[in-house]
Amino acid sequence: CPKTDFHHRTITMNIAILNFTHIGTLICNLPLIKRIRERYPQAKITLFTCRRNGVINDIITQQYGVSTICLNHDLTGFKRYVSIIQLACKFYKKFDIGFCGLEPRKTDHIALALLCKESFAYCENNWHSKLITHQIPFTKMGYSYLHQSQFCANVAPPSTTISPDEWPVFHLQFNKKLLKHKFVLPENEILIYYSLENNRETSTLSESRLLKIIRTLKNNITFNLIINSSKPIPPSLVKKLTLITNTFPVQTKEFSEFLELLSVCDLCLLGDGGTSHIAAALNIPEVVLFGATSTTNWQPLSNKSAILFDQFNVNNIPIDDIVNAILQKIKSAPSP
């Protein structure tokens, strides 16, 4: 990183942080936001996000002391350039420093150049990288050895190692007894959560595989299963699962409801994705299945996560391995 007086500034500044990606990436970006907030306690920090990750903006605002501006779309297609121009019309050079800890992208570079007097971002040998005043060289080989949170944080010097006390934690208060009543869930029995939604096909269990896992698990312990989605849950799947164990299908249309439901669960069985990072931030024990995606880059930041991996698809992971990981997590967790 070029020499800069970044470390020595004490004046109040306007700082921009860009993260127009998915919710899991935004959660991995929180250690960078925490560092910048601690380094500049008097600065006005604004986080720019988009629709797909804006659901946690309120949490970030409350816990990290930053303002958030969320686009009403996902910054894709031609519309992303229209949005950048609209942002520039409103915030042109308003920010003293801007950060983007993501892989080099043209839209991020253009936005930083228009919004910020100085900018820190990963760059390659292309025209839009020249718009960045403090260029951090990007190589795919170098990135492959880093967790996404460390990669994001390295955009802001000094590039020290992310420590566990910097891991994202959502300090949310829920009355679990009332929530279990709200969702019609048993109070004093083990609740295992499974999400039907995942945008990675290689990290999604097939129906037959899920049924085998639940059946094998039921042979070892007594538990209740919560299956969750923001969309209608197939009745046929519910019927098959109910024949194995007590199953509670819960459709959560609002993100706040999803957080409430997640908070009452004793353990989550999840495919790699945003929900695994949210569960980690809520300090919920979880077994996370990775198919093809790098665990080095994307495993949840939690000491309560068990990670299982197959280089092609999670349906290749032995059922006994998954069940044993679940049993181990339940054994080590406090009773409900």
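What this report covers is the structure whose coordinates are included nearby. (Residues numbered from 1 in each chain as written. Predicted model: local features only at pLDDT ≥ 70, side-chain atom pairs only at ≥ 80, totals over all residues. Heavy atoms only, no water.)

What follows deals with the nonpolar core. Soluble globular proteins tend to bury their nonpolar side chains together. In terms of nonpolar packing, the biggest core is built from 55 residues, with Tyr193, Leu262 and Ile278 touching the most fellow members. Among the elements that line this core, the one with the most residues is helix α11 (residues 255-263), at 5 residues. In this structure Leu262 touches Tyr193, Cys268, Ile278, Ala279, Leu282 and Ile284, once residues within four positions along its chain are discounted. With 32 residues, the next largest nonpolar core counts Leu211, Leu225, Leu269 and Ile319 among its residues. (Core = buried A, V, L, I, M, F, W, Y, C linked by side-chain atoms within 4.5 Å. Buried < 20%, exposed > 50% of the residue type's maximum accessible area, 1.4 Å probe, protein only. Helix = DSSP H or I, 4+ residues; strand = E, 2+ residues; numbered from the N terminus. Contact = heavy atoms within 4.5 Å.)

Let us now look at the packing of helix α9 (residues 207-218) against helix α10 (residues 235-242). Packing of α9 against α10 brings their axes to within 10 Å, and their N-to-C directions diverge by 25 degrees. Between α9 and α10, the interaxial angle falls into the category roughly parallel. With respect to the hand of their crossing, α9 and α10 are arranged in right-handed fashion. Along the contact surface, α9 presents Glu207, Leu211 and Ile214, while α10 presents Leu237, Lys240 and Leu241. Taken together, the residues that form the contact of α9 with α10 break down as 4 nonpolar, no polar and 2 charged. (Axes fitted to C-alpha atoms, helices over the stretch in contact; angles between N-to-C directions. Parallel < 35°, antiparallel > 145°, perpendicular 65-115°, else oblique. Left-handed = near helix turned anticlockwise from the far one by under 90°. Nonpolar A, V, L, I, M, F, W, Y, C, P; charged D, E, K, R; others polar.)

Once that is clear, we can look at the environment of Asp74. Structurally, the position occupied by Asp74 is in the loop between β3 (67-70) and α4 (79-91). Distance in space between the C-alpha atoms of Asp74 and Gly54 is 9.7 Å, their sequence separation being 20 residues. At a separation of 2.9 Å, a polar atom in the side chain of Asp74 contacts the main-chain amide nitrogen of Arg52. (Polar contact = N/O pair within 3.5 Å; in protein donor to acceptor, adjacent residues only side chain to side chain.)

What follows is about unusual backbone geometry. The residue after Pro157, namely Pro158, is reached through a cis peptide bond having omega 0 degrees. Take Pro158: it is sitting in the loop between α7 (148-153) and α8 (176-182). In the Ramachandran plot, Ala292 falls in the positive-phi region, its phi being about 80 degrees despite a non-glycine side chain. Its place among the elements puts Ala292 in the loop between β11 (286-291) and α13 (295-298). The exposure class assigned to Ala292 is partly exposed, which follows from its relative accessible area of 43%.

Further remarks concern the sheet that holds strand β8 (residues 224-229). The strand order across the open sheet built from 6 strands is β9-β8-β7-β10-β11-β12, with neighbouring strands paired in parallel fashion. The two strands at the open ends of the sheet, each matched to only one other strand, are β9 (246-251) and β12 (305-310). Taking each pair of neighbouring strands and ignoring which way they run, the sheet shows an average axis angle of 20 degrees. Pairing between strand β7 (residues 191-195) and strand β10 (residues 267-271): 3 bridges, direction parallel. Within β10, the position partnered with Tyr194 by the bridge is Leu269. Where helix α12 (residues 274-281) meets the sheet, its contacts fall on β7, β10 and β11, and the angle it forms with β10 comes to roughly 155 degrees. (Pairing = 2+ DSSP bridges.)

According to the stated counting rule, one finds 11 aromatic pairs in the structure shown. Judged by centre distance (4.1 Å) and plane angle (5 degrees), the ring pair of Tyr122 and Phe151 falls under stacked. Residue Tyr122 is found in strand β5 (residues 116-123), and its partner Phe151 is found in helix α7; the two are separated by 29 residues along the sequence. Neither Tyr122 nor Phe151 differs from the other in exposure class; each is buried. A connected cluster of aromatic rings, assembled from ring pairs, spans Tyr122, Phe138, Tyr143 and Phe151. The cationic tip of Lys218 hangs over the ring face of Phe223; the distance from NZ or CZ to the ring centre is 5.9 Å. (Phe/Tyr/Trp six-rings, centres within 6.5 Å; stacked < 30°, edge-to-face > 60°. Lys NZ or Arg CZ within 6 Å of the ring centre and 35° of its normal.)

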